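Summary of structural features
This is what each chain is made of:
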Amino acid sequence: MPEARLLICDYSYHSATFHTSHKNGLTTYLFRLQTEGSCTVFCNGQEHHVQAGDLLLLEPGDVYELQIREDQDGRLASGDYYMFCDGEWIKQWWKRMNRQRVSRIPMDDHMLGLWRQLLLEKRRGLEGENGELIGYLLRGLCLCLDRAMTENKTADRSAFTALRLKRFIEEHATVTFKLEEAALHVGLSLSRAVQLFKACYGKTMIQYALEIRLNAAVERMKYSSMTLEEIAETCGFASYSYFHRVFRSKYGMPPVKYREKKQQMTLPAEPLP
């Protein structure tokens, strides 16, 4: 597999004026995700005002300058994750699409978690023993960035908002959450969020959450020794009786019968005499 090398990965926070530049051009790829505050970036003669949620992607040869200074309101703060990387896999990934130098992406916990994990593994791997793991994490982050940028380019903003609702439900379905929390996540009223999701996906947010919970329950019934009560609780159902009712409505039999049937199907055949 082509190599993906992480050279530097860290987090920086500035509360005082800061300036750095690469006037002769970068020698590696630079990824920089603004997480809070703002800064000004000059790239190949163009000025970019970078805000939280902006992703900077630069390639070797790009002339780069970073300035952190007070904004119009006198505030001065900037936080970001950044990394320098190279390798044949990164080169191939870069060429998959026309990449803007600055893109707006949604910052979710999974995305930030990958940055943090890469930072931690890079610090742990001072002797280079976990290079393979770092390589896979770096590839994973690149692919997640592609998906985030593609989703954020959706021309229909209502469809993109509905997609954000869908992602929120997928992340929180197996824990107890309120629909108001999903609506607040995308900046909509509850009634508007409910209407938008139903219009885009033909089902309610509750119906979609139940689908995810039931699918998770079926997997745990097949492949774990958890009790049905434990499965109901860990899959986000408020009570076993509620789990029993919706499961039977979906699969035409109670959970205990479904589990027995699946276990019988996986029992080894009796040996021939």
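The model shown is predicted, which means the values in this text are computed figures rather than measured ones.

So, how was this worked out
- Residues numbered from 1 in each chain as written.
- Predicted model: local features only at pLDDT ≥ 70, side-chain atom pairs only at ≥ 80, totals over all residues.
- Heavy atoms only, no water.
- Helix = DSSP H or I, 4+ residues; strand = E, 2+ residues; numbered from the N terminus.
- Polar contact = N/O pair within 3.5 Å; in protein donor to acceptor, adjacent residues only side chain to side chain.
- Contact = heavy atoms within 4.5 Å.
- Axes fitted to C-alpha atoms, helices over the stretch in contact; angles between N-to-C directions.
- Parallel < 35°, antiparallel > 145°, perpendicular 65-115°, else oblique.
- Left-handed = near helix turned anticlockwise from the far one by under 90°.
- Nonpolar A, V, L, I, M, F, W, Y, C, P; charged D, E, K, R; others polar.
- Salt bridge = Lys/Arg side-chain N within 4 Å of Asp/Glu carboxyl O.
- Buried < 20%, exposed > 50% of the residue type's maximum accessible area, 1.4 Å probe, protein only.

Let's shift gears to the side chain of Arg259. In this fold, Arg259 is placed in helix H10 (residues 255-266). For Arg259, the side chain forms a polar contact with the main-chain oxygen of Ser224, separated by 3.0 Å. For Arg259, the residues in contact, after removing those within four places along its chain, are Arg220, Met221, Ser224, Ser225, Met226, Thr227, Leu228 and Ile231.

Another point: the packing of helix H4 (residues 157-172) against helix H5 (residues 179-186). Closest axis-to-axis distance for the H4/H5 pair is 9 Å, and the angle between their directions is 135 degrees. Of the possible angle classes, the one that applies to H4 and H5 is oblique. For the crossing formed where H4 meets H5, the hand is right-handed. Packed against H4, whose contacting residues are Thr161, Arg164, Leu165 and Phe168, the element H5 presents Glu181, Ala182, Ala183, His185 and Val186 at the interface. Its residues assigned to classes, the contact of H4 with H5 shows five nonpolar, two polar and two charged.

Another aspect to go through is the pattern of salt bridges. Under the defined criterion, the tally for this structure stands at 11 salt bridges. Salt-bridge contacts for Asp86 lead to Arg5; the nearest nitrogen and oxygen are separated by 2.7 Å. Of the two residues, Asp86 is situated in strand S7 (residues 78-86) and Arg5 in strand S1 (residues 5-14); the sequence distance between them amounts to 81 residues. A salt bridge links Arg99 to Asp146, with the shortest nitrogen-to-oxygen separation between them at 2.8 Å. Taken together, the positions of Arg99 in the loop between helix H1 (88-94) and strand S8 (102-104) and Asp146 in helix H3 (residues 131-152) put the pair 47 residues apart, joining distant regions of the chain. Both residues of the pair, Arg99 and Asp146, belong to the buried class.

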